[in-house]
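# Residue-level structural notes
What follows is each chain in one-letter form.
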Protein chains: 2
Amino acid sequence: MDTLFLSKTDLFRGIPPEDIQSMLGCLKAATKNYQRGEFICREGETVTAMGMVLSGSVSIENDDIWGNRSILDRVGAGQIFAENYACLPGEKLMISAVVNEPTEVLFLSTDCMFTVCPHACGFHNRLIRNMLTIAARKSLSLSRRIVHTSSKSIRGRLLSYLSFQATQHGCRAFDIPFNRQQLADYLSVDRSAMSNELSKMQRDGIITVDRNHFVLLQSDHL
Amino acid sequence: MDTLFLSKTDLFRGIPPEDIQSMLGCLKAATKNYQRGEFICREGETVTAMGMVLSGSVSIENDDIWGNRSILDRVGAGQIFAENYACLPGEKLMISAVVNEPTEVLFLSTDCMFTVCPHACGFHNRLIRNMLTIAARKSLSLSRRIVHTSSKSIRGRLLSYLSFQATQHGCRAFDIPFNRQQLADYLSVDRSAMSNELSKMQRDGIITVDRNHFVLLQSDHL
DNA sequence: ACAAGTATGTTGTTATAACAACAAGGAGGA
DNA sequence: TCCTCCTTGTTGTTATAACAACATACTTGT
């Protein structure tokens, strides 16, 4: 196991590689490889371990009864997923984890996080604190998505998202990390309708758009 | 301070009242009273402590530039709020906390959760684990809201929400904890349009509705 | 029981988003 | 370079949600 890699992840941050090695046993660490399209876990199941993507990437998605797919998160190397379910034993998954490309996943049991560790390793506390930080960040990004999709118009959602991006970048001009379809999925709107609205906003002099590059022209929205 | 009350909250669960008393100093505990309509904290600010509602209730809301209000959470006695921001120092609030009724709030600093406690109290770990559980539960409820609002039609959102409620109650007949306006806000739709859709669904034989009481008539949606 | 204030259901109109279908641009591979 | 695939923008049509306005319950307090 590449403990040097692990020591650079948010989860193991601040824990020396050699200590990580000894913790992995406690965490019942196990790796598994997946092919593109495979499910790591499915809606309705329960899990006892969280996953960390070692290489490749995983989509956290929800499919409704009509087959509409909604991507809630995209998890890349070094990031964890299903940690909330692992922390709440018996909780049924409301999402599925699907592999985007050949991916290696490290499973880590949360059992020994919630019981007193028999080895009393001092770094367990650090691990739990790291988990808390990760959980807080994830919570904020979920809240952010809710905020960005709370407007009832496409324009409102776009302005909410774009003005946030502008403040994040500290600049009215910035690139976004989504293509059109992904942005539409994120904002829960139709892609072509969104494309259309972007054009209108450009005609109205609110923004300029070129592919992934955006410029906000009016300061009122910042 | 009513440590017996605190020992029954999710945050202090499993910690004896006398130990809570000694922890409160560490957590820089301070209480403050608010009147209806007062802001505890506002969008754009930063906080260094989380809040626990001792009595009364608090709404966590986001207001967009057009004045549209979106309620993200309602926090009652014994529950905490702003804990994600307290765990991420410097992070600007994307929401405001507004008091619904005369409310007493206990502020708890998270400083000593992330540094090694000088008093080395064994219950600090328990506190952090409790935080983690709370964070996991809150994350799930945010995800759930995203899932319930990801359908593009009002009917789809209602079915998503109602079928979840049915599985939660383990029964096709159940009461919901929202009135119409609150449900509409939760699902990000117009109240009257939603009311209309509920009537249509009733006419279509999918559900029966009476005030807060719902019955799902078709099993395909469970 | 009454009055005042809320909450809910209903209707019609209007705005807007979804949808489908297509055209025009890149991007990447043979 | 050409060909193909994928992404993006555009248009017109249709479905649907927002909105406004109102009537009819329900609540609550007196």
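Everything below is about the structure shown above.
It should be emphasised that the depicted structure is a prediction, and the values quoted were computed from it without experimental measurement. (Residues numbered from 1 in each chain as written. Chains lettered and ligands numbered in written order. Predicted model: local features only at pLDDT ≥ 70, side-chain atom pairs only at ≥ 80, totals over all residues. Heavy atoms only, no water.)

Here the focus is the overall build of chain A. Along chain A, the regular secondary structure elements total eight helices and eleven strands. Projected onto its principal axes, the C-alpha coordinates of chain A cover approximately 65 × 40 × 30 Å. Evaluated residue by residue, chain A yields a buried proportion of 51% over its 222 residues. In chain A, the proportion of contacts linking residues at least 24 apart, taken out of those at least 6 apart, comes to 68%. The distance from the centre of the 24 positive side-chain charges to the centre of the 23 negative ones in chain A is 5 Å. (Helix = DSSP H or I, 4+ residues; strand = E, 2+ residues; numbered from the N terminus. Buried < 20%, exposed > 50% of the residue type's maximum accessible area, 1.4 Å probe, protein only. Contact = heavy atoms within 4.5 Å. Lys, Arg positive; Asp, Glu negative; His and termini not counted. Charge placed at Lys NZ, Arg CZ, Asp CG, Glu CD.)

Taken together, 18 residues surround DNA strand C, and among them I154 and D190 of chain A together with R180, S195 and S199 of chain B come closest. A share of 62% is what sugar and phosphate atoms reach among the atoms of DNA strand C within 4 Å of the protein. At 3.0 Å from a phosphate oxygen of DNA strand C is found a main-chain nitrogen or oxygen belonging to I154 of chain A. Here a phosphate oxygen of DNA strand C and a backbone polar atom of D190 of chain A are 3.0 Å apart. Breaking the surface near DNA strand C down by element, the ones donating at least two residues are α8 (191-203) of chain A together with α7 (180-186) and α8 (191-203) of chain B. (Near = heavy atom within 4 Å. Polar contact = N/O pair within 3.5 Å; in protein donor to acceptor, adjacent residues only side chain to side chain.)

Attention shifts here to α8 of chain A. Residue and element names in this part refer to chain A. For α8, with 13 residues, the first-to-last C-alpha span of 18 Å sits near the 18 Å given by 1.5 Å per residue. The complete set of buried residues in α8 reads M194, E197, L198 and M201. Projected down its long axis, α8 carries its buried residues within an arc of 105°, all on one side. At the exit of α8 stands G205, carrying a positive phi of roughly 75°. (Expected span 1.5 Å × (residues − 1). Arc of directions from axis to C-beta.)

Before going further, it helps to spend a moment on the protein's contact with DNA strand D. By nearness alone, 19 residues border DNA strand D, and R180, S195 and S199 of chain A together with I154 and D190 of chain B come closest of all. The sugar-phosphate portion of DNA strand D accounts for 65% of its atoms within 4 Å of the protein, the bases making up the rest. The contact in question runs from a phosphate oxygen of DNA strand D to an N or O atom on the side chain of R180 of chain A, over 2.7 Å. Ranked by the residues each element gives to the surface near DNA strand D, the list is headed by α8 of chain A, at five residues. Taken together, the residues of the surface near DNA strand D break down into three nonpolar, nine polar and seven charged. (Nonpolar A, V, L, I, M, F, W, Y, C, P; charged D, E, K, R; others polar.)

Next up on the list: the pairing of strand β10 (residues 207-210) of chain B. Every other side chain in a regular strand lies on the same face of the sheet, so the side chains alternate between the two faces. All names here are of chain B. Every second residue of β10 is oriented toward a common face, the buried set being I207 and V209 and the non-buried set T208 and D210. One ladder, built from four bridges, connects β10 with strand β11 (residues 213-216); its direction is antiparallel. By the bridge assignment for β11, T208 is matched with V215. Hairpin geometry of β10 and β11 is characterised by an intervening segment of two residues between the two adjacent antiparallel strands and by a positive phi of about 55° at R211. (Pairing = 2+ DSSP bridges.)

Turning our attention to the interface of chain B and chain A. Counting residues at the interface gives 43 residues for chain B and 43 residues for chain A. For the pair chain B and chain A, the summed buried area comes to about 4,000 Å², and 71% of that belongs to carbon and sulfur atoms. Ranking the residues of chain B by area buried against chain A places R129, L132 and I146 of chain B at the top, with a combined share of 17%. Between the two partners, chain B and chain A, sit two salt bridges. Among the ionic pairs, E91 of chain A bridges to R144 of chain B, the shortest N-O distance being 3.8 Å. (Buried area = accessible area lost by both parts, 1.4 Å probe. Salt bridge = Lys/Arg side-chain N within 4 Å of Asp/Glu carboxyl O.)

A separate point is the nonpolar core. Counting 96 residues, the largest nonpolar core has L11, F12, V58 and F81 of chain A together with L11, F12 and F81 of chain B as the members making the most contacts within it. Apart from residues lying up to four places away in sequence, L11 of chain A is in contact with M50, M52, I80, L108, L127, N130, M131 and I134 of chain A. (Core = buried A, V, L, I, M, F, W, Y, C linked by side-chain atoms within 4.5 Å.)

All right, on to the pattern of salt bridges then. Two side chains of opposite charge can pair, provided their charged atoms sit close to one another. Throughout the structure, instances matching the rule amount to 15 salt bridges over all chains. For D111 of chain A, the salt bridge goes to K28 of chain A, with nearest N and O atoms at 2.8 Å. Pair noted here: D111 of chain A is in helix α4 (residues 111-114) and K28 of chain A is in the loop between α2 (17-26) and β1 (30-34), with a separation of 83 residues, a long-range link. Across the salt bridge formed by R155 of chain B and D204 of chain B, the nearest N and O atoms sit 2.8 Å from each other. On the criterion of sequence distance, the pair formed by R155 of chain B in helix α6 (residues 154-169) and D204 of chain B in the loop between α8 and β10 is long-range, its members being 49 residues apart. Under the relative-accessibility criterion, R155 of chain B is labelled partly exposed at 21%. A residue is classified by how much of its surface remains accessible, and D204 of chain B, at 48% relative accessible area, is partly exposed. Taken together, the shared-partner salt bridges in this structure form one network comprising D10, R13 and R137 of chain A.

Residues and elements named next belong to chain A. All chains considered together, the criterion is met by eight aromatic pairs over all chains. Relative to Y186, the ring of F178 has its centre 5.3 Å away and its plane inclined at 35°; by these criteria the two rings are tilted. Y186 gets classed as buried once you look at its relative accessible area, which sits at 16%. In this structure, R42 packs its charged tip against the face of F39, placed 3.8 Å from the ring centre. (Phe/Tyr/Trp six-rings, centres within 6.5 Å; stacked < 30°, edge-to-face > 60°. Lys NZ or Arg CZ within 6 Å of the ring centre and 35° of its normal.)

Estimates place the volume of the second largest pocket at around 1,200 Å³. Along the walls of the second largest pocket sit 42 residues, with L72, D73, R74, K138 and S141 of chain B positioned nearest its centre. Listed by contribution, the elements that provide at least two residues to the lining of the second largest pocket are α5 (123-148) of chain A together with β5 (69-75), β6 (80-81), α3 (83-87), α5 (123-148), α6 and α7 of chain B. Element by element, the count of residues in the lining of the second largest pocket is highest for α5 of chain B, at nine residues. (1 Å grid on protein atoms, 1.4 Å probe; cavity = no way out; pocket = protein on both sides within 12 Å on 5 of 7 lines; lining within 4 Å. Points joined across faces, edges and corners; volume = space filled by probe spheres on them.)

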